[in-house]
There are 4 protein chains.
Amino acid sequence: MNKRKIIIAVIGGAQPDKKSIEIAEQVGRCIAQKGAILITGGMGGVMRAASKGAHEAGGQVIGVLPGNNNKDANEYVDIPIVTGIGEARNSIITRTCDCAIAIDGSYGTLSEIAYCMIYHKPVIGINTWKLDAPIIETQNAQEAVDLALNKVGA
Amino acid sequence: MNKRKIIIAVIGGAQPDKKSIEIAEQVGRCIAQKGAILITGGMGGVMRAASKGAHEAGGQVIGVLPGNNNKDANEYVDIPIVTGIGEARNSIITRTCDCAIAIDGSYGTLSEIAYCMIYHKPVIGINTWKLDAPIIETQNAQEAVDLALNKVGA
Amino acid sequence: MNKRKIIIAVIGGAQPDKKSIEIAEQVGRCIAQKGAILITGGMGGVMRAASKGAHEAGGQVIGVLPGNNNKDANEYVDIPIVTGIGEARNSIITRTCDCAIAIDGSYGTLSEIAYCMIYHKPVIGINTWKLDAPIIETQNAQEAVDLALNKVGA
Amino acid sequence: MNKRKIIIAVIGGAQPDKKSIEIAEQVGRCIAQKGAILITGGMGGVMRAASKGAHEAGGQVIGVLPGNNNKDANEYVDIPIVTGIGEARNSIITRTCDCAIAIDGSYGTLSEIAYCMIYHKPVIGINTWKLDAPIIETQNAQEAVDLALNKVGA
């Protein structure tokens with residue numbers, strides 16, 4: 001029997017501030033250290049920082065790209081999934097993950113939080129959208145990953 | 001030369017309260033009276049009420065369905081677009097419309113508002129999500145449609 | 001009750017020969033004359049020629065575009081559906097139509113014929129792919145449309 | 001720098017004959033032995049057999065699922081990508097792979113071969129569709145994988 005690894009999404013903006021980049025990298029590192037797989041949208045900003053953290057800690061990184069070319073992926077993506085479906089790929093990231101950690105983020109992140117709610121995926125939030133929705137807030141990278149794993153029963 | 005008609009989306013919940021259903025039907029009627037095409041997600045609730053209003057006023061109604069069967073469409077849809085891509089079809093509704101009117105709504109509507117912002121489509125809001133986003137709020141159906149048409153320069 | 005119009009897809013290449021363009025335009029015209037709606041991929045070649053035929057005969061033309069901009073549609077499209085999902089939109093054209101007429105065509109058309117078979121949509125073929133599949137072949141535009149309507153019980 | 005692994009798709013029918021199942025399993029095993037990643041549609045038949053071969057040989061298996069639930073994946077999938085976009089996911093499998101090996105197969109496989117041609121991905125064929133297309137035919141699993149790797153310059 002194939003014991004599947006937990007898949008955690010990190011969602012967040014393409015143009016985050018310096019603090020969010022640091023946190024995203026820490027979150028990625030913690031995900032890898034816990035033996036989970038990281039999934040992101042594969043591009044820059046928070047996505048790249050989390051990928052860097054996970055990849056450098058020996059974890060595996062999936063990037064679900066909006067465009068048509070695997071070369072669009074940031075350099076820390078191990079497995080680029082080339083969707084070619086643009087921002088509609090936000091639905092795939094959120095259907096695929098067991099849980100999501102939102103860091104900072106603009107409207108793309110908002111659409112992903114909304115999809116997580118539709119698909120009943122827990123969302124941990126760090127300096128992200130304030131919504132009338134059950135986002136579990138924290139300020140700490142390690143705690144965010146612990147909360148995520150706890151939420152999915154891992 | 002083909003002078004294309006304006007396409008206005010009505011986005012909103014599948015389980016609205018009675019007031020939202022009334023407003024959605026009025027909005028649909030006003031869209032038809034102005035000669036614009038209505039596009040919705042093709043299903044029930046706000047989508048069905050707006051479709052009823054537009055269809056009965058002689059307008060044309062496009063329903064962009066999540067599922068695999070045109071029979072899923074509410075009975076006021078003239079043209080069912082059968083996507084088979086689930087909630088990712090929210091990206092298509094918002095890419096296709098010139099402007100969107102959000103009425104009530106839950107997480108599906110939230111994802112559509114987010115997509116509108118990504119694609120730079122104006123959003124008129126009636127009793128919908130309160131967000132840190134440029135949603136133009138009103139309480140009146142006729143005004144919502146006038147604002148929508150004004151925003152797209154029609 | 002809303003008596004929905006039959007929707008016929010015309011699928012075919014972006015770079016057809018002169019003969020295929022003529023036939024596609026005739027097919028479009030016949031579809032409009034029979035009161036059916038034409039759906040195509042919205043771009044050039046066979047898609048544009050069929051759209052021209054239908055539009056000039058007073059019919060309605062839906063273009064299911066691969067890209068992000070309604071301006072990509074050929075000038076005879078009345079309703080551009082802006083998918084932003086690239087060639088995956090071939091699945092939507094074929095799910096949406098009641099029947100398809102394939103004229104000439106390259107690999108995009110081949111993918112659409114395959115989808116029609118998966119979704120149990122009848123395919124009428126004019127100078128198109130020869131496959132181990134139940135494509136109903138003809139050389140005549142009028143006959144193609146008559147066969148299409150007959151197949152869907154219209 | 002992240003040296004990305006080659007990703008090979010195995011495409012084929014959900015209801016193959018016994019011979020095709022054996023070959024698919026051998027192909028999966030060879031892919032793993034060469035250090036490449038296997039990508040399939042994640043379901044049964046040829047997809048499952050190839051996944052079994054690769055997984056049991058210590059390789060990694062990605063399953064790009066049409067539905068909404070990672071439990072739909074066959075038991076040898078290591079990373080289920082849950083698309084929720086139905087058969088339109090055939091476009092994602094083929095955009096993502098570097099090369100595809102087609103074994104047996106019905107209309108779903110035909111759509112995938114068509115997409116490979118659109119996206120300029122080499123296709124190796126074993127007892128699959130005979131088409132006017134540059135499919136490289138072989139009868140041997142090991143040779144199929146060698147040809148695939150050779151085609152992508154690995």
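This text goes with the structure placed above it.
In this text the structure is predicted, and so the values were computed from the model without any measurement.

1. Quick word on the packing of helix α3 (residues 89–96) of chain A against helix α4 (residues 107–118) of chain A
All names here are of chain A.
Thinking step 1. Running from N to C, α3 and α4 cross one another at 45°; their axes reach a closest spacing of 9 Å. In terms of orientation, α3 lies oblique with respect to α4. Here the hand of the crossing between α3 and α4 comes out right-handed. Note on element contacts: α4 touches α3 through Gly108, Ser111, Glu112, Tyr115 and Cys116, opposite Asn90, Ser91, Ile93 and Thr94.
Thinking step 2. For the contact of α3 with α4, a count of residues per class yields three nonpolar, five polar and one charged.

2. Description of the relation of the copies chain A and chain B
Thinking step 1. When chain A is brought onto chain B, the operation consists of a screw motion whose angular component is 180° and whose axial shift is 0.0 Å, with 0.0 Å RMSD remaining. The symmetry that links the two subunits is that of a two-fold axis. Scanning chain A for the C-alpha nearest the rotation axis identifies Ser111 of chain A, at a separation of 2.2 Å.
Thinking step 2. When the interface residues of chain A are mapped onto chain B, 100% of them again lie at the interface, so the same face is used by both copies.

3. Thoughts on the interface of chain A and chain D
Thinking step 1. In this complex, chain A contributes 23 residues to the contact, which on the side of chain D involves 23 residues.
Thinking step 2. Summed over both partners, the interface of chain A with chain D comes to about 2100 Å²; 56% of that surface belongs to carbon and sulfur atoms.
Thinking step 3. Between the two partners, chain A and chain D, sit five residue pairs in polar contact (both at pLDDT 80 or more).
Thinking step 4. Secondary-structure elements contributing two or more residues to the side of chain A that touches chain D are β4 (79–82) and α3 of chain A.
Thinking step 5. The element contributing the most residues to the side of chain A that touches chain D is β4 of chain A, with four residues.
Thinking step 6. By residue class, the composition of the side of chain A that touches chain D is ten nonpolar, eight polar and five charged.

4. A look at the packing of aromatic side chains
Thinking step 1. Overall, the coordinates contain ten aromatic pairs over all chains when judged by the stated rule.
Thinking step 2. Look at Tyr107 of chain A and Trp129 of chain A: their rings are 5.7 Å apart centre to centre, the planes differ by 40°, and that puts the pair in the tilted class. Here Tyr107 of chain A, found in helix α4, pairs with Trp129 of chain A, found in the loop between β6 (123–126) and β7 (135–137); they are 22 residues apart in sequence, far enough to count as distant.
Thinking step 3. Relative accessible area serves as the criterion here: at 10%, Trp129 of chain A is assigned to the buried category.
Thinking step 4. Here Tyr115 of chain D and Tyr119 of chain D contribute two aromatic rings whose centre-to-centre distance is 5.6 Å and whose plane-to-plane angle is 10°, an arrangement assigned as stacked.
Thinking step 5. Taking the relative accessible area as the measure of exposure, Tyr115 of chain D reaches 0% and is therefore buried.
Thinking step 6. Take Tyr119 of chain D: its relative accessible area is 12%, and that puts it in the buried class.

5. Regarding the environment of Ala88 of chain B
Thinking step 1. As for its position among the elements, Ala88 of chain B is in the loop between β4 (79–82) and α3 (89–96).
Thinking step 2. Spatially, the C-alpha atoms of Ala88 of chain B and Pro66 of chain B are 7.7 Å apart, while their sequence positions differ by 22 residues.
Thinking step 3. Look past the residues within four positions of Ala88 of chain B in its chain and what remains in contact with it is Ala88, Ser91 and Tyr115 of chain A together with Ile85 of chain D.

6. Some thoughts on the environment of Arg48 of chain C
Residues and elements named next belong to chain C.
Thinking step 1. Within the fold, Arg48 resides in helix α2 (residues 46–56).
Thinking step 2. Considered as a pair, Arg48 and Ile21 are 27 residues apart in the sequence and their alpha carbons are 8.6 Å apart.
Thinking step 3. When residues no more than four places from it in sequence are discounted, the contact partners of Arg48 are Met43, Asn74, Glu75 and Tyr76.

7. Description of the sheet that holds strand β6 (residues 123–126) of chain B
All names here are of chain B.
Thinking step 1. On the basis of which strands lie adjacent, the open sheet formed by seven strands has the order β4-β3-β2-β1-β5-β6-β7 and parallel pairing. Single-partner strands in this sheet number two, and they are β4 and β7 (135–137). Averaged over all pairs of adjacent strands, the angle between their axes in this sheet comes to 25°, without regard to strand direction.
Thinking step 2. Inspection of the sheet shows strand β1 (residues 7–12) paired to strand β5 (residues 99–103) by five bridges, in the parallel sense. Opposite Ile11, over in β5, you have Ala102 as the bridge partner.

Procedures and definitions
For every chain, the first residue of its written sequence is number 1, and the numbers climb from 1 along that sequence. Chains carry letters and ligands carry numbers; both start at the beginning, A for chains and 1 for ligands, and go up in the order they are written. With pLDDT at 70 or above as the cut-off, local features in this predicted model cover only qualifying residues; side-chain atom pairs require 80 or more to be listed or tallied, and sums for whole chains, interfaces and linings still use all residues. By convention in this description, side-chain values take in all heavy atoms of the structure and omit both hydrogens and water. Axis definition: a line fitted to C-alpha atoms, limited for helices to the stretch in contact. Angles are taken between N-to-C directions and run from 0 to 180 degrees. By the criteria applied, helices consist of DSSP H or I runs no shorter than four residues and strands consist of E runs no shorter than two, each listed in order from the N terminus. Our angle categories are set so that under 35 degrees counts as roughly parallel, over 145 as roughly antiparallel, 65 to 115 as roughly perpendicular, and the remainder as oblique. Should the near helix be turned counterclockwise from the far one by less than a right angle, the crossing is left-handed, whereas a clockwise turn marks it as right-handed. What makes two residues a contact is simply this: any of their non-hydrogen atoms within 4.5 Å. Amino acids are sorted into nonpolar (Ala, Val, Leu, Ile, Met, Phe, Trp, Tyr, Cys and Pro), charged (Asp, Glu, Lys and Arg) and polar (every other residue, Gly among them). Copy-to-copy superposition: least squares on the C-alpha atoms, limited to residues that have pLDDT of at least 70 in both copies. For any pair of parts, buried area is found by adding up, for both, the accessible area (1.4 Å probe) each one loses once the two are put together. Polar contact criterion, stated in full: a pair of N or O atoms within 3.5 Å, where within protein one must be able to donate a hydrogen and the other to accept it, and residues adjacent in sequence count only if both atoms are side-chain atoms. Each Phe, Tyr or Trp ring (for Trp, its six-membered ring) is paired with any other whose centre lies within 6.5 Å, and the angle between the two planes then decides the class: stacked below 30 degrees, edge-to-face above 60, tilted in between. Burial classification: accessible surface area is computed with a 1.4 Å probe over protein chains only, and a residue below 20% of its type maximum counts as buried, one above 50% as exposed, and the rest as partly exposed. A strand pair is defined by DSSP finding two or more bridges across the two strands.

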